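Understanding the architecture of this molecule
Single-letter residue listing:
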Amino acid sequence: MFDLRRLRLLHELSMRGTLAAVADALSFSPSTISQQLAQLERDAGVPLLEPDGRRVRLTAQGEALAAHAARMLAADEAARAELESLQPSRAPVRLAVMQSAAHGILPRALGALAETEPGLRVEVVELAPEESLFEVAARGFDLAVAEQYPGHTREQRQLLERRTLGRDAIHLAVAHGDDAASITDLSERAWVMEPEGTAARHWATQQCRAAGFEPDVRFELADLTAHVRLVASGHAVGMIPALVFGGDEPATRLLDLPGRPRREIFTAVRRGTAERPGIRAVRSALQTAFDGATGISADPAPRG
């Protein structure tokens, strides 16, 4: 019989690519990972790994067993989810959440859970959507809150089940008192945007190019609260999702972008864990919190 813990190591290696990355993710030493995979190789009776420069890669047999490992791990999680549903206790839920959701819906969701599931432990880490979706698939987290921008769909991972929370308006943001009326009025302004390589940065840049100019990005920051402060103080203009404000009065003046675009906000879990009571409870609380955080609208008329 195969040891499920060793099969997980093989699955992690197929996902993460290096022994060092697996060791870092699971808090083991690389030598321990190597020893366990060597034992799995003896159990299988076929070579699972082969040298690739200073690293290793999966053989054809290793790839085949890793695919089986993914299915066995999913079956194990489904069994545990069913058993959990038959008892009152709840296993902790590990949640990876993007920054705007951490600002806009996480406090409300945790407040709701404190009332409905007071014994449920929720562990939260802020991660960008690109990383959080990978980590859920790799079993680093149980649940992710992520987004995708109009025209920029994210990779569909077979292991993951997505559920849409709703759509979040993206606005132009300028300081109160700024008389700009549209994106074309901002072609000569200093911009704040998220770092290169993110979906948000690519999308925002495309909006500027569609309006006929290349944005002067003087501030490149991942922290959206810093975006809001720079805009509110008049040092930059930007594009800010309404969710950042969490239903509160915006600290900046908001303008509509052409077409009034909205990004999709969704949760993602592994299919085998979707029915875990704790995960269902967290998803429900996130939905309630999202519904309560919507309703921010743009200011269509300039303020003199």
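Residues numbered from 1 in each chain as written. Predicted model: local features only at pLDDT ≥ 70, side-chain atom pairs only at ≥ 80, totals over all residues. Heavy atoms only, no water.

Comments concerning the nonpolar core
- In this structure, Ile105, Val145 and Leu286 are the most contacted members of the largest nonpolar core, which totals 25 residues.
- Elements that contribute at least two residues to this core include exactly β3 (93-97), α6 (106-116), β5 (143-148), β11 (262-270) and α10 (277-293).
- Take this core: its biggest share by element is 8 residues, from α10.
- The residues touching Leu286, leaving out its near neighbours within four places in the chain, are Ile105, Ala109, Leu143, Val145, Leu165 and Thr267.
- Residues Tyr149, Leu186, Trp191 and Ala204 belong to the second largest nonpolar core, which totals 19 residues. (Core = buried A, V, L, I, M, F, W, Y, C linked by side-chain atoms within 4.5 Å. Buried < 20%, exposed > 50% of the residue type's maximum accessible area, 1.4 Å probe, protein only. Helix = DSSP H or I, 4+ residues; strand = E, 2+ residues; numbered from the N terminus. Contact = heavy atoms within 4.5 Å.)

Details of the pattern of salt bridges
- Here the structure, examined in full by the defined rule, presents 25 salt bridges.
- For Arg80, the salt bridge identified is with Asp76, shortest N-O distance 3.0 Å. Within this pair, Arg80 and its partner Asp76 are both found in helix α4 (residues 60-85), separated by 4 residues, close to a single helical turn.
- Owing to a relative accessible area of 55%, Arg80 belongs among the exposed residues under this scheme.
- Two residues, Asp178 and Arg189, come together in a salt bridge whose shortest N-O distance is 2.7 Å. Of the two residues, Asp178 sits in the loop between β6 (160-174) and β7 (190-193) while Arg189 sits in the loop between β6 and β7, which places them 11 residues apart along the sequence.
- According to the relative accessible area criterion, Asp178 is buried, its value standing at 13%.
- What emerges from the salt-bridge pattern is a single network uniting Glu77, Arg94, Arg139, Asp142, Arg270 and Arg276. (Salt bridge = Lys/Arg side-chain N within 4 Å of Asp/Glu carboxyl O.)

Points about helix α9 (residues 224-232)
- Among the residues of α9, Leu224, His227, Val228, Leu230 and Val231 are the ones counted as buried. When α9 is viewed along its axis, its buried side chains cluster within an angular range of 165 degrees and face the same direction.
- The secondary structure elements touched by the buried residues of α9 are α5 (99-104), β6, β7, β8 (216-220) and β9 (238-241).
- Positive backbone phi, approximately 85 degrees, marks Gly234, located one or two places after α9. (Arc of directions from axis to C-beta.)

Limitation: the analysis is restricted to geometry and does not speak to function.
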